[in-house]
Amino acid sequence: MRLIVFDNQKDIANFGADMIAEVINNNPCAVLGLATGSTPVPMYAELVRRYEAGELDFSTVRSVNLDEYYPLAPDNDQSYRYFMNHQLFDHINIDKNNTNVPDGLAADPAAACAAYEEIIRDLGGIDIQVLGIGGNGHIGFNEPAEALDPLTHLTDLTEDTIRANARFFESEADVPRHALTMGIGTILSARRILLIATGEAKAKAIATVLSGKLTTSCPASLLNLHSDVTILCDRAAVSLCDPSLLATL
Ligand code: GLP
């Protein structure tokens, strides 16, 4: 696990964009695993800037997103499909037919989840998976639980997550109670993982991840099973980490 601590968001966005650019430059048909939430927004803005400057070409890039609220229509302005279109896809030359987000209106969610796994397999797997992290240690919508699902599945959101995500909705009552999310195994099957965490609200979860131990009460800790994980943090996000542990990373 590689941890890099930055003084500001701009440097995080640049470093993350460098990693994604490297993947695309090595393989113009790369498969990007993308995340929503406020954390990756500056990095997406930097990718848009590079596209506009003629430095990056997304014309043959493919993408799969981590998760989607359920039930929620793709054109709802709180859906993750809407988020991706507005933050990234509408501003670069990616072919939207090559972008995948779980279907928040799937009539048969179990079948839609199985089909999503097949899409990822048919694409040849994910070259780099971008992740944010919930304050409770969730990744995608893999919430803390006694047991975790390996593959894409329909899940219940925890009260913590509903409360945390209510800021984007008109009221807490409007937050969908379920989501479709890649499983921990889906995420771990990506060739590289890029986790971004900023702010004090993520400090406890990041301290657990960096402790190196595995616990389903912090799903992100399972990233310790992967051999190519880069974590980009600001100082606030590492404020609860054991300084002696930090020195060894
Ligand atoms: C949501 C998403 C996660 C994201 C998390 C953190 O619950 N499903 O993928 O990492 O929020 O969001 P933020 O970056 O806004 O703190």
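Everything discussed here concerns the structure shown above.
Quick caveat: nothing in here was measured; it's all calculated off a predicted structure.

Reading the values: rules and limits
Residues numbered from 1 in each chain as written. Predicted model: local features only at pLDDT ≥ 70, side-chain atom pairs only at ≥ 80, totals over all residues. Heavy atoms only, no water. Pairing = 2+ DSSP bridges. Helix = DSSP H or I, 4+ residues; strand = E, 2+ residues; numbered from the N terminus. Near = heavy atom within 4 Å. Polar contact = N/O pair within 3.5 Å; in protein donor to acceptor, adjacent residues only side chain to side chain. Areas by Shrake-Rupley, 256 points an atom, 1.4 Å probe, with all protein chains shown as cover. Buried < 20%, exposed > 50% of the residue type's maximum accessible area, 1.4 Å probe, protein only.

Engineer: Quick rundown of the sheet that holds strand β9 (residues 192-197)? Include the residues and the values.
Structural biologist: Across a sheet, paired strands are connected by hydrogen bonds in the backbone, their directions being either parallel or antiparallel. Across the sheet, which stays open at both edges, the 7 strands sit in the order β1-β10-β9-β6-β2-β3-β5 with parallel pairing between neighbours. Looking at strand neighbours, the two that pair on one side only are β1 (2-6) and β5 (99-100), the edges of this open sheet. When β9 meets strand β10 (residues 229-234), the two strands line up parallel, connected through 5 bridges. Looking at β10, one finds that Ala197 is bridged to Cys233.

Engineer: Lay out the site of the ligand with the relevant residues and their values.
Structural biologist: Around the ligand, 14 residues are found, and the nearest of them are Ser38, Thr39, Asp67, His138 and Lys202. In the environment of the ligand, an oxygen atom lies 2.7 Å from a nitrogen or oxygen atom belonging to the side chain of Ser38. When isolated, the ligand has an accessible area of 390 Å², and the protein chains bury 95% of it.

Engineer: An account of the environment of Arg163 is requested, with residue identities and associated values reported.
Structural biologist: Residue position: Arg163 is located in helix α5 (residues 159-165). Judged by its relative accessible area of 48%, Arg163 is partly exposed.

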